[in-house]
Amino acid sequence: MKPEILNTILDDATLSTESREKLKALHDIISEKEFSDLLDANGRD
């Protein structure tokens, strides 16, 4: 997720403080990982 999108979501007033903190933590964990959109002949990443 692009930082601009994350910031837009985090700025939403309906988001609780706990949800905001969990979303930030999850984003930090996920953003460190590499993902591929390429599949092999069997449809696996």
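First, a word on what this report is: a plain description of the structure on this page. Position numbers for residues start from 1 in each chain and track the written sequence from start to end. Restriction of local features to residues with pLDDT of at least 70 applies here, the model being predicted, together with a cutoff of 80 or more for giving and counting side-chain atom pairs; totals for whole chains, interfaces and linings are based on all residues. As a convention, hydrogens and water are excluded, and side-chain values are obtained from all of the structure's heavy atoms.

## Re the overall build of the chain
Note the cut-off: A run of H or I in DSSP counts as a helix once it spans at least four residues, and a run of E counts as a strand once it spans at least two, with each numbered from the N terminus. Using a 1.4 Å probe on the protein chains alone, a residue whose accessible area is under 20% of its type maximum counts as buried, one over 50% counts as exposed, and one in between counts as partly exposed. The method behind every accessible area is Shrake-Rupley, applied with a 1.4 Å probe, and residues are considered shielded solely by the protein chains displayed.
If you tally the helices and strands in the chain, you get two helices and zero strands. Along the longest, intermediate and shortest principal axes, the C-alpha atoms of the chain span 45 × 15 × 15 Å. Going through the 45 residues of the chain one by one, you find that 7% of them count as buried. Carbon and sulfur atoms form 54% of the exposed surface of the chain, whose accessible area is close to 4,200 Å².

## Quick notes on the packing of helix H1 (residues 3–10) against helix H2 (residues 17–31)
As a reminder of what qualifies: Axis angles are defined between N-to-C directions and span 0 to 180 degrees, where every axis is a line fitted to C-alpha atoms and, for a helix, only to the segment in contact. Comment on the angle field: the value is read as roughly parallel under 35 degrees, roughly antiparallel over 145, roughly perpendicular from 65 to 115, and oblique elsewhere. Whether a crossing is left-handed or right-handed is set by the direction in which the near helix is turned from the far one by less than a right angle, anticlockwise for left-handed and clockwise for right-handed. Note on definitions: a residue-residue contact is assigned when non-hydrogen atoms from the two residues lie within 4.5 Å. Asp, Glu, Lys and Arg are counted as charged, while Ala, Val, Leu, Ile, Met, Phe, Trp, Tyr, Cys and Pro are counted as nonpolar; the rest, among them Gly, fall into the polar class.
Two elements in contact, H1 and H2, have axes separated by 10 Å at closest approach and are oriented at 165 degrees. It follows from the interaxial angle that H1 and H2 lie roughly antiparallel. Every pair of crossing elements has a handedness; the one defined by H1 and H2 is right-handed. Along the contact surface, H1 presents Leu-6, Ile-9 and Leu-10, while H2 presents Arg-20, Leu-23, Lys-24 and His-27. Of the residues in the contact of H1 with H2, the class split is four nonpolar, one polar and two charged.

## Here we look at a nonpolar patch on the surface
For clarity, the cut-off: For patches, a residue must show more than 30% relative accessible area and have no salt bridge; joins then use 9 Å for like charges and 5 Å for nonpolar side chains, namely Val, Leu, Ile, Met, Phe, Trp and Tyr. Criterion for a salt bridge: a side-chain nitrogen of Lys or Arg within 4 Å of a carboxyl oxygen of Asp or Glu.
A contiguous nonpolar patch, built from Met-1, Ile-5 and Ile-9 and spanning about 280 Å² of accessible area, is present on the exposed surface. Mapped onto the secondary structure, Ile-9 falls in helix H1.

## Some remarks on the side chain of His-27
Among the secondary structure elements, His-27 is positioned in helix H2. Taking relative accessible area as the criterion, His-27 reaches 19% and is therefore assigned buried. Not counting residues within four places of it along the chain, the set of residues in contact with His-27 comprises Met-1 and Leu-6.

## Focus: the environment of Leu-6
With respect to the helices, strands and loops of the structure, Leu-6 is situated in helix H1. Along the primary structure Leu-6 and Lys-24 are separated by 18 residues, whereas in three dimensions their C-alpha atoms are 8.2 Å apart. Dropping the residues within four chain positions of it, Leu-6 is found in contact with Met-1, Leu-23 and His-27.

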